[in-house]
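Each chain is listed here by its residues.
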Amino acid sequence: MNILKPNMIFKVLALVLALLGYYVSPYGPTIGIGGPIAQESQNKPGSATSGSFYRATVTRVADGDTITVRNRDGATHKIRMHAVDAPELNQAGGEQSKRWLTEQLMNKDVKIVVNNIDRYKRQVAKVVLPVENCEQRWCDGETDVNLKAIEAGHAWWYKEYARSQSSEDRLLYEAAEDKARTARKGLWQQTAPLAPWQWRTEQRNQR
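Given the structure is predicted, the values throughout are model-derived calculations rather than measurements. (Residues numbered from 1 in each chain as written. Predicted model: local features only at pLDDT ≥ 70, side-chain atom pairs only at ≥ 80, totals over all residues. Heavy atoms only, no water.)

**Q** Explain the nonpolar core to me, please; I cannot follow it from the model alone.
**A** I67, V69, L105, I112 and V127 are the most contacted members of the largest nonpolar core, which totals 29 residues. Only β3 (53-63), β4 (66-71), β5 (76-81), α2 (94-105), β7 (109-117), β8 (123-129), α3 (145-151) and α4 (167-182) provide two or more residues apiece to this core. Once residues lying within four places of it in the same chain are set aside, the contact partners of I67 are V58, R60, V61, H77, K78, I79, L101, L105 and V127. Core analysis: the next-biggest nonpolar cluster, separate from the first, contains five residues, W156, A180, W188 and A195 among them. (Core = buried A, V, L, I, M, F, W, Y, C linked by side-chain atoms within 4.5 Å. Buried < 20%, exposed > 50% of the residue type's maximum accessible area, 1.4 Å probe, protein only. Helix = DSSP H or I, 4+ residues; strand = E, 2+ residues; numbered from the N terminus. Contact = heavy atoms within 4.5 Å.)

**Q** For this particular structure, what's the right way to read unusual backbone geometry?
**A** Glycine aside, the phi torsion of most residues is negative, and most peptide linkages are trans. Located in the positive-phi region is N133, a residue other than glycine, with phi close to 60°. Turning to its location among the elements, N133 is positioned in the loop between β8 and β9 (143-144). Accessibility expressed as a relative area gives 78% for N133, which makes it exposed. The backbone of R184 shows a phi angle near 55°, a positive value even though the residue is not glycine. Position of R184 relative to the elements: it lies in the loop between α4 and α5 (196-205).

**Q** Looking at this structure, I do not really get the environment of V84. What am I missing?
**A** Along the chain, V84 falls in strand β6 (residues 84-85). Placed 78 residues apart in sequence, V84 and A162 show a C-alpha to C-alpha distance of 9.6 Å. Apart from residues lying up to four places away in sequence, V84 is in contact with D65, N146, I150, A155, W156, Y158 and Y173.

**Q** I tried to follow the state of the cysteines on my own but got confused; where do I start?
**A** Throughout this description, disulfide means a covalent bond between two cysteine sulfur atoms. The full count for this structure, using the stated rule, is one disulfide. Residue pairing for C134: its cysteine sulfur links by disulfide to C139, the two sulfurs lying 1.9 Å apart. Sign of the S-S torsion, about 80° for the bond between C134 and C139, identifies this disulfide as right-handed. Owing to a relative accessible area of 2%, C134 belongs among the buried residues under this scheme. On the accessibility criterion, C139 (14% relative accessible area) is buried. (Disulfide = S-S within 2.5 Å.)

**Q** How should the packing of aromatic side chains be read in this particular structure?
**A** Two numbers describe a pair of aromatic rings. These are the distance of the centres and the angle of the planes. Applying the stated criterion to the full structure yields four aromatic pairs. Three or more aromatic residues joined by ring pairs form one cluster here, namely W156, Y158, Y161, W188 and W197. Over the face of the ring belonging to W138 we find K126, whose NZ or CZ atom lies 5.8 Å from the ring centre. (Phe/Tyr/Trp six-rings, centres within 6.5 Å; stacked < 30°, edge-to-face > 60°. Lys NZ or Arg CZ within 6 Å of the ring centre and 35° of its normal.)

**Q** Looking at this structure, how should I read the pairing of β3?
**A** On any regular strand, side chains alternate: one points to one face of the sheet, the next to the other face. Of all 11 residues making up β3, eight are buried, and the element is well covered by its neighbours. Both β3 and β7 contribute to a ladder of five bridges, which runs antiparallel. By the bridge assignment, A56 is partnered in β7 with V110. Examined bridge by bridge, β3 and β4 share six bridges and lie antiparallel to one another. Opposite R60, over in β4, you have T68 as the bridge partner. The turn linking β3 back onto β4 is made up of two residues. (Pairing = 2+ DSSP bridges.)

**Q** In this structure, what is going on with the pairing of β7? I would like to understand it.
**A** Taken together, the six bridges between β7 and β8 define a ladder with antiparallel strand orientation. The partner of I117 across the bridge, within β8, is Q123. If you look at the hairpin formed by β7 and β8, you'll find five residues sitting between the two strands, and K121 has a positive phi there, around 70°.

Next comes the structure, spelled out in structure tokens:
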């Protein structure tokens, strides 16, 4: 009878673990309208784990897609809204976009569903207006403010980051932009609105 030597057993185990690491997604499954998520048991206030969520109060609105929140532990976090891009403040439509978001969120209780951290150390997240007594990542009747900004014509769907969304979110965000454009809402009232990422590129080229 052949008996595996200890070193052979170690090699077999290492191979099995390597294969598991290759095939198992580091983000876990996707559910609801949220995109890649982590285990909800990993959720902590202000956690930056992909898919983690926490409740907070909006203390500042910087522009149409960036806010500051204070969580239940008193810590503050700067939030960049995921998969949307609003006009810059000194761009046409920028002040209107900020004003709209301020009306929606200032001093409001929100749920922050984290996607990742950007190079400016901001939490890139979905901002949700929650329903009472909901301590889950998403509950029926809640409002996805990122989506609502697109619906109102105050932000573009940021297609560059569509791959980090759930398939359901991609469909919702794309349809919302098409509908807002057709109805000429918000920034779509302009004759030829310039996408913020294009505007930023032009500004850099002029320096």
